[in-house]
Amino acid sequence: MEDCVFCKIIGGKIPSAKIYEDEKVISFLDIMPANKGHCLVVPKIHAQTLVEMGDEDLSAAIKATKKVARALSLSFGNGSFNIVMNNGKEAGQLVNHAHIHLIPRFQKDRLRIKWSHLKYEGDEIKDYAEKIKKFI
Ligand code: AMP
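Below or above, wherever it landed, is the structure these notes cover. Just so we're clear, the structure is a prediction, and the values are computed from it rather than from any experiment.

**Considering the pattern of salt bridges**
- Under the defined criterion, the tally for this structure stands at 7 salt bridges.
- In this structure, lysine 126 engages aspartate 123 in a salt bridge whose closest nitrogen and oxygen atoms are separated by 3.8 Å. There is no split in this pair, since lysine 126 and aspartate 123 are both exposed.
- Between glutamate 130 and lysine 133 there is a salt bridge, and its shortest N-O distance comes to 3.3 Å. Placement of the pair is glutamate 130 and lysine 133 together in helix 3 (residues 124–133), with a separation of 3 residues, close to one helical turn.

If you want it as structure tokens, here you go:
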């Protein structure tokens, strides 16, 4: 994809602080990190979201995420991290090339990944489950 910033990084056309690469995946530091050490794990084949990724790429990406998470933990001496994946505009995806955020967490850091909790009324929760199950 010509206009895709991550495709340009994968193709070596723009620089990145690369920390891992294999046949299917690349990982580099996010230039605007939520915490220092924030990494992105990116499939080399362009797909916009998780749903569009091939199963082999997805499997390679999650394995690479584990590898990088372990390295982050060993580098910073702390086993705490968040994995975030924004899929689609409403979910806050800004770069339209699927990627997994891997964010190291520290005591008293300022990052908040929290949401307020809604409630289902009556049997609504069963209706939601039925609607989703139909498409599995
Ligand atoms: P998202 O909102 O999930 O699409 O996040 C895209 C992320 O890509 C943001 O956190 C950006 O800081 C990061 N980003 C954009 N351009 C670059 C780049 N050239 N190198 C590293 N990270 C980038």
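**What to know about the site of the ligand**
- The local shell around the ligand holds 16 residues, among which Asp30, Leu94, Val95, His99 and His101 are the closest.
- The side chain of aspartate 30 places a nitrogen or oxygen atom 2.5 Å from an oxygen atom of the ligand.
- Separating an oxygen atom of the ligand from a backbone N or O atom of valine 95 is a distance of 2.8 Å.
- Burial of the ligand by the surrounding chains reaches 86%, relative to a free accessible area of 510 Å².
- Elements with a minimum of two residues in the shell around the ligand: helix 1 (5–10) and strand 2 (25–29).
- By residue number, the principal contributor to the shell around the ligand is helix 1, which donates 3 residues.

**As for helix 2 (residues 55–76)**
- Between its first and last C-alpha, helix 2 extends 31 Å over 22 residues, near the 32 Å set by a 1.5 Å rise per residue.
- Listed as buried for helix 2 are Asp57, Ala60, Ala61, Ala64, Thr65, Val68, Ala69, Leu72 and Ser73.
- Elements in contact with the buried residues of helix 2: strand 1 (18–21), strand 2, strand 3 (39–43), strand 4 (81–84) and strand 5 (100–104).
- Two residues or fewer past helix 2, glycine 77 is found with a positive phi of approximately 60°.

**Examining the sheet that holds strand 5**
- Taken together, 5 strands build an open sheet; the order of strands is 1-2-3-5-4 and the sheet is antiparallel. Of all strands in the sheet, those bounded by a partner on one side alone are strand 1 and strand 4. Each strand of the sheet is rotated relative to its neighbour by a mean of 20°, with strand direction disregarded.
- As defined by bridge partners, strand 4 adjoins strand 5 across 4 bridges and the pair is classed as antiparallel.

**Things to note about the nonpolar core**
- If you look at the biggest cluster of nonpolar residues, it comprises 9 residues: Val25, Val41, Ala47, Met53, Ala60, Ala61, Ala64, Ala98 and Ile100.
- For this core, the element with the most residues is helix 2, which contributes 3 residues.
- Counting residues in each nonpolar core, the second largest holds 8 residues, with Cys4, Cys7, Ile26 and Phe28 among its members.

**Overview of the packing of aromatic side chains**
- Under the counting rule described, the total for this entry stands at 3 aromatic pairs.
- With a centroid separation of 5.8 Å and an interplanar angle of 90°, the aromatic rings of phenylalanine 76 and phenylalanine 106 are classed as edge-to-face. Taken together, the residues span a long stretch of sequence, with phenylalanine 76 in helix 2 and phenylalanine 106 in the loop between strand 5 and helix 3 at a distance of 30 residues.
- On the basis of relative accessibility, which here comes to 38%, the residue phenylalanine 76 falls in the partly exposed class.
- Overall, phenylalanine 106 belongs to the partly exposed group, its relative accessible area being 29%.
- Over the aromatic face of tyrosine 128 sits the side chain of lysine 131, whose NZ or CZ is 5.6 Å from the ring centroid.

Conventions we followed
- Residues numbered from 1 in each chain as written.
- Predicted model: local features only at pLDDT ≥ 70, side-chain atom pairs only at ≥ 80, totals over all residues.
- Heavy atoms only, no water.
- Salt bridge = Lys/Arg side-chain N within 4 Å of Asp/Glu carboxyl O.
- Buried < 20%, exposed > 50% of the residue type's maximum accessible area, 1.4 Å probe, protein only.
- Helix = DSSP H or I, 4+ residues; strand = E, 2+ residues; numbered from the N terminus.
- Near = heavy atom within 4 Å.
- Polar contact = N/O pair within 3.5 Å; in protein donor to acceptor, adjacent residues only side chain to side chain.
- Areas by Shrake-Rupley, 256 points an atom, 1.4 Å probe, with all protein chains shown as cover.
- Expected span 1.5 Å × (residues − 1).
- Contact = heavy atoms within 4.5 Å.
- Pairing = 2+ DSSP bridges.
- Axes fitted to C-alpha atoms, helices over the stretch in contact; angles between N-to-C directions.
- Core = buried A, V, L, I, M, F, W, Y, C linked by side-chain atoms within 4.5 Å.
- Phe/Tyr/Trp six-rings, centres within 6.5 Å; stacked < 30°, edge-to-face > 60°.
- Lys NZ or Arg CZ within 6 Å of the ring centre and 35° of its normal.

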